[in-house]
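Given next are the chains, with one letter for each unit.
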Amino acid sequence: MCENCVHDRGAHIGPSRRSLIHLTAAALSMALAGGAAFAKETKPPPKPQNVLSPDAALKRLMEGNARYVDGVSRRHDFKHEREALAGGQNPFAAVLGCADSRIAPEYAFDTGRGDLFVCRVAGNFAGTETIASLEYAVAVLGAPLILVLGHDACGAVDATLKALKDDKPPPGHIPALVDAIAPAANAAMQQGGEVLDKAIRQNVIDNVAKLKSAAPILNAAVEQGKLKVVGGIYRLTTGTVDLIAQG
């Protein structure tokens, strides 16, 4: 291939790639700076009923949990939801939950597709990638509520307690979970009593505080009254979610 051809080929490919990168960066920057509000004005959200205040979002979430507990969940029209959501999303809440297979936030709060932005990891803790994901949910998608959802008999928290008591790290990559949950586990062990239950609760409280203070995006949204971050404990035997750390 001649030198001119190489230059011509680069002229066709290079700028298009650069343009895509610049456009993507510009779109995200605009959204983070308030451009998302402008976008919502020019293009209606796919689910207008999801545009809520933080308090209204929490109320709706808990009403859904009450229906789930009572066994009267609504029938969701997944066909038309697919059509509406093909071009975008505007969830009314984000949930940081545990990866435990018994905990399904969409079921527990009786929600449809596009209603919840869910991040799940064993031990429901906020690592870097999770915080970044929740920043996206709030700054770009406009979610007004984040719920950190722990649950009874959490295996990740129990494994952390055992690793700390035995001073023996678990195999593989599991020590990364232990490191993240250790502050709550240590605090619970110092208190005594029902250590597992206390560690589960403390882990939720710690991660609510972490998300509320996460700069520069989440803490600013909380200070401006655009975002509420709360905690909850899912009860395996009843399906009830008990709210904690709402202040």
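First, a word on scope: everything that follows refers to the structure included in this document. (Residues numbered from 1 in each chain as written. Predicted model: local features only at pLDDT ≥ 70, side-chain atom pairs only at ≥ 80, totals over all residues. Heavy atoms only, no water.)

## Quick notes on the packing of aromatic side chains
Applying the stated criterion to the full structure yields one aromatic pair. Centre to centre, the rings of Phe117 and Tyr136 are 6.4 Å apart; their planes meet at 40°, and the pair counts as tilted. Of this pair, Phe117 sits in strand 2 (residues 116-120) while Tyr136 sits in helix 5 (residues 128-139), placing them 19 residues apart in sequence. Among the residues examined, Phe117 registers a relative accessible area of 17% and is labelled buried. Lying across the ring of Phe92, Arg60 places its NZ or CZ 4.0 Å from the centre. (Phe/Tyr/Trp six-rings, centres within 6.5 Å; stacked < 30°, edge-to-face > 60°. Helix = DSSP H or I, 4+ residues; strand = E, 2+ residues; numbered from the N terminus. Buried < 20%, exposed > 50% of the residue type's maximum accessible area, 1.4 Å probe, protein only. Lys NZ or Arg CZ within 6 Å of the ring centre and 35° of its normal.)

## Things to note about the nonpolar core
Grouped together as the largest cluster of nonpolar side chains are 35 residues, with contacts concentrated most on Ile146, Val157, Leu211, Leu218 and Leu227. For Ile146, the contacting residues outside a window of four places in its chain are Ala94, Leu134, Val138, Leu211, Leu218, Leu227, Lys228, Val229 and Val230. Counting residues in each nonpolar core, the second largest holds 16 residues, with Leu61, Ile103, Val230 and Val241 among its members. (Core = buried A, V, L, I, M, F, W, Y, C linked by side-chain atoms within 4.5 Å. Contact = heavy atoms within 4.5 Å.)

## Quick word on the sheet that holds strand 1 (residues 93-97)
Spatially, the five strands line up as an open sheet ordered 2-1-3-4-5, and their pairing is mixed. Of all the strands in the sheet, the pair left with one neighbour each is strand 2 and strand 5 (241-244). Going across the sheet, the axis of each strand differs from the next one's by a mean of 25°, ignoring polarity. Judged from the four bridges that link them, strand 1 and strand 3 (residues 145-151) form a sheet pairing that is parallel. (Pairing = 2+ DSSP bridges. Axes fitted to C-alpha atoms, helices over the stretch in contact; angles between N-to-C directions.)

## Regarding unusual backbone geometry
Omega for the peptide link from Ala215 to Pro216 comes to 5°, which places this bond in the cis form. Its place among the elements puts Pro216 in the loop between helix 8 (195-212) and helix 9 (218-223). Positioned with a positive phi, Asp167 is a non-glycine residue whose angle comes to about 55°. Take Asp167: it is sitting in the loop between helix 6 (155-166) and helix 7 (175-191). Judged by its relative accessible area of 68%, Asp167 is exposed. If you check the backbone angles, Ala245 has positive phi at about 50° while not being a glycine. With respect to the secondary-structure elements, Ala245 resides in the segment after strand 5.

## Overview of the pattern of salt bridges
A full pass over the atoms with the stated rule returns nine salt bridges. With a shortest N-O distance of 2.6 Å, Arg67 and Asp110 are connected by a salt bridge. Here Arg67, found in helix 2 (residues 54-70), pairs with Asp110, found in the loop between helix 4 (105-108) and strand 2; they are 43 residues apart in sequence, far enough to count as distant. You'll find Arg67 and Asp110 in the same group, each marked buried. Between Asp158 and Lys162 there is a salt bridge whose closest N-O contact spans 3.5 Å. With Asp158 and Lys162 both in helix 6, this residue pair falls four residues apart, about one helical turn. Through salt bridges with shared partners, a single network forms among Lys47, Arg60 and Asp115. (Salt bridge = Lys/Arg side-chain N within 4 Å of Asp/Glu carboxyl O.)

Fair warning: the whole summary comes from geometry, so function is off the table for now.
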